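# Chain and residue survey
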Amino acid sequence: MNRLLFFVLALTIAVASLPDPAIGKEITPAEVYAETVRIEKEMDLLRAYLKVSEIKPVTPVNAALLPRHVWQQCYLIQLKINVFRRQHGFPVLSAQALEPVSALEPLMNYEQIQRLLTEIGLLKMRLGISDQIPSQEVIPGKTPMDVFNKLHFISMQWDVINHSEVSPSDVYAEVRRVDDDVNAILDHLHIQDTAYPLAKMADAQSADVLSSAFAVMTEVQRLQQLVGLTRTDFDAFRNKEGASPSDVLNMVSMVLAELQTLKAHLGLVYVLTPAAEKQVEKTKTNVNQLLGYVANKLRLVRSL
């Protein structure tokens, strides 16, 4: 009971220390980055407790990323925390979706990272880890790209902790969310779905699936261009040295981020992307086919 009271008090203090939007506090990417370092150090405590020493190398991406892309990395980390909870028999909470907005503020990512820190704190409580990580130094000049790369590194280390790589079933569940968003756009525009799935590529590899994810992004950005929305160059996500399921999941997450700008433009601000449903026994072929189907649906949209 004393341990529970300790963590409740610590959580109360953490919440009380959050900036108050009412007083006009503007959060910078540098402040968000400092909180991602806290997550990394909290994970070091978990790694020590679990006796996990491996560090998975991660190649940073060099792209003009925006806060909405950072938010998607926070979402992926929540998914992997859920994997950990499921593996250890803890109750699993659905990862959150965000109401579509045209431009995400860094404050939203700061809030999301506080949620991740709270989730990790709850895991520590269940495991009996009492050590705490203090606030970290704010290093000026950090950008959303820096925050994204730190979160991506953290996400990959969760795979090590979970002894579980991203699977085609995981990716398929997220592509289903993309499909749901595209269906919402078609319904709003009163466009009948006359698209067709791709023929199955029986021996589809991650590189093929990544290419299909880029085909979907091409269609999303075509629609963004039609209405003058900001587009991002994702060429750095192509991973020319050899694609992996994690690369595909990253790109699918970027598609989800970009779709939110279209939904916001159309006024679908209360149409949240549905939660991912657990998928099993899906293959790269299944993921590739669904991505092709989604791309064909988007090609039906000629104007917004």
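Residue positions are given per chain, counting from 1 as you read along its sequence in written order. With pLDDT at 70 or above as the cut-off, local features in this predicted model cover only qualifying residues; side-chain atom pairs require 80 or more to be listed or tallied, and sums for whole chains, interfaces and linings still use all residues. As a rule here, side-chain values cover all heavy atoms of the structure and leave hydrogens and water aside.

### Comments concerning the overall build of the chain
The condition that has to hold: For the purposes of this entry, the term helix denotes a DSSP run of H or I that reaches at least four residues, the term strand denotes a run of E that reaches at least two, and both are numbered from the N terminus. We compute the radius of gyration from the C-alpha atoms alone; for a globule the expected value is 2.2 Å times N to the 0.38, where N is the number of residues. Residue burial is assigned from relative accessible area. The probe radius is 1.4 Å, only protein chains are included, and a residue is buried under 20% of its type maximum, exposed over 50%, and partly exposed in between. Any two residues having at least one pair of non-hydrogen atoms within 4.5 Å are treated as being in contact. Only the protein chains shown count as cover for residues, and the accessible areas themselves come from Shrake-Rupley with a 1.4 Å probe.
For the chain, the count of helices and strands is nine helices and zero strands. Seen in sequence order, the chain has helices and strands lined up from the N terminus as α-α-α-α-α-α-α-α-α. Its C-alpha radius of gyration of 20 Å places the chain within 12% of the 19 Å reference for a compact globule of 304 residues. Considering only C-alpha atoms, the chain reaches an extent of 60 × 45 × 35 Å along its principal axes. Counting over 304 residues, the chain shows a buried share of 49%. For the chain, restricting intrachain contacts to residue pairs at least 6 apart in sequence, the fraction spanning at least 24 positions comes to 90%. For the chain, the exposed area adds up to about 14700 Å²; of that, 54% sits on carbon and sulfur atoms.

### Overview of the packing of helix α5 (residues 144–162) against helix α8 (residues 245–265)
Test applied: Fitting a line to C-alpha atoms yields each axis, with helices limited to the stretch in contact; the angle taken between N-to-C directions then spans 0 to 180 degrees. Relative orientations are named as follows: roughly parallel for angles under 35 degrees, roughly antiparallel for angles over 145 degrees, roughly perpendicular for angles from 65 to 115 degrees, and oblique for any other angle. For any pair of crossing helices, the crossing counts as left-handed if the nearer helix is rotated counterclockwise from the farther one by less than a right angle, and right-handed if it is rotated clockwise.
Packing of α5 against α8 brings their axes to within 12 Å, and their N-to-C directions diverge by 135°. Comparing their axes, α8 and α5 come out oblique. α5 and α8 meet at a crossing whose hand is right-handed. Touching F148, H152, M156 and D159 of α5 are S246, N250 and M254, all from α8.

### Considerations on unusual backbone geometry
Even without being a glycine, H163 presents a positive backbone phi close to 50°. By the secondary structure assignment, H163 is in the loop between α5 and α6 (168–188). Given a relative accessible area of 68%, H163 falls into the exposed group. One non-glycine residue, E281, adopts positive backbone phi at about 60°. Secondary-structure assignment places E281 in the loop between α8 and α9 (284–299).

### Notes on the packing of helix α3 (residues 67–87) against α5
Our working rule: Note on residue classes: Ala, Val, Leu, Ile, Met, Phe, Trp, Tyr, Cys and Pro are nonpolar, Asp, Glu, Lys and Arg are charged, and everything else, Gly too, is polar.
The N-to-C vectors of α3 and α5 enclose an angle of 15°; their axes lie 9 Å apart at closest approach. Between α3 and α5, the angle is such that the two are roughly parallel. As α3 runs across α5, the sense of the crossing is left-handed. Along the contact surface, α3 presents P67, H69, V70, Q73, C74, L76, I77, K80, I81, V83, F84 and Q87, while α5 presents P144, V147, F148, L151, H152, I154, S155, M156, W158, D159, I161 and N162. Taken together, the residues of the contact of α3 with α5 break down into 16 nonpolar, six polar and two charged.

### Considerations on α9
To keep it simple, the criterion reads: By this rule, a helix spans an expected 1.5 Å times one less than how many residues it contains.
In a regular helix each residue adds 1.5 Å, so 16 residues correspond to 22 Å; α9 covers 23 Å between its end C-alpha atoms and thus fits that length. In terms of residue burial, α9 counts as a mostly covered element, since 13 of its 16 residues are buried.

### Details of the pattern of salt bridges
For clarity, the cut-off: Any carboxyl oxygen of Asp or Glu that lies within 4 Å of a side-chain nitrogen of Lys or Arg is treated as forming a salt bridge with it.
Under the defined criterion, the tally for this structure stands at 15 salt bridges. For the salt bridge of E40 with K150, the shortest nitrogen-to-oxygen distance reads 2.8 Å. Taken together, the residues span a long stretch of sequence, with E40 in helix α2 (residues 29–50) and K150 in helix α5 at a distance of 110 residues. On the basis of relative accessible area, K150 is assigned to the buried category, the value being 16%. Of the charged contacts, one joins K297 and D193 as a salt bridge, the two residues approaching to 3.9 Å between their closest N and O atoms.

### Looking at the environment of N286
Considering the arrangement of structural elements, one finds N286 in helix α9. When the C-alpha positions of N286 and D208 are compared, they lie 12 Å apart, and in sequence the two are 78 residues distant. When near neighbours in sequence (up to four residues on either side) are disregarded, N286 contacts Y172, K200 and E281.

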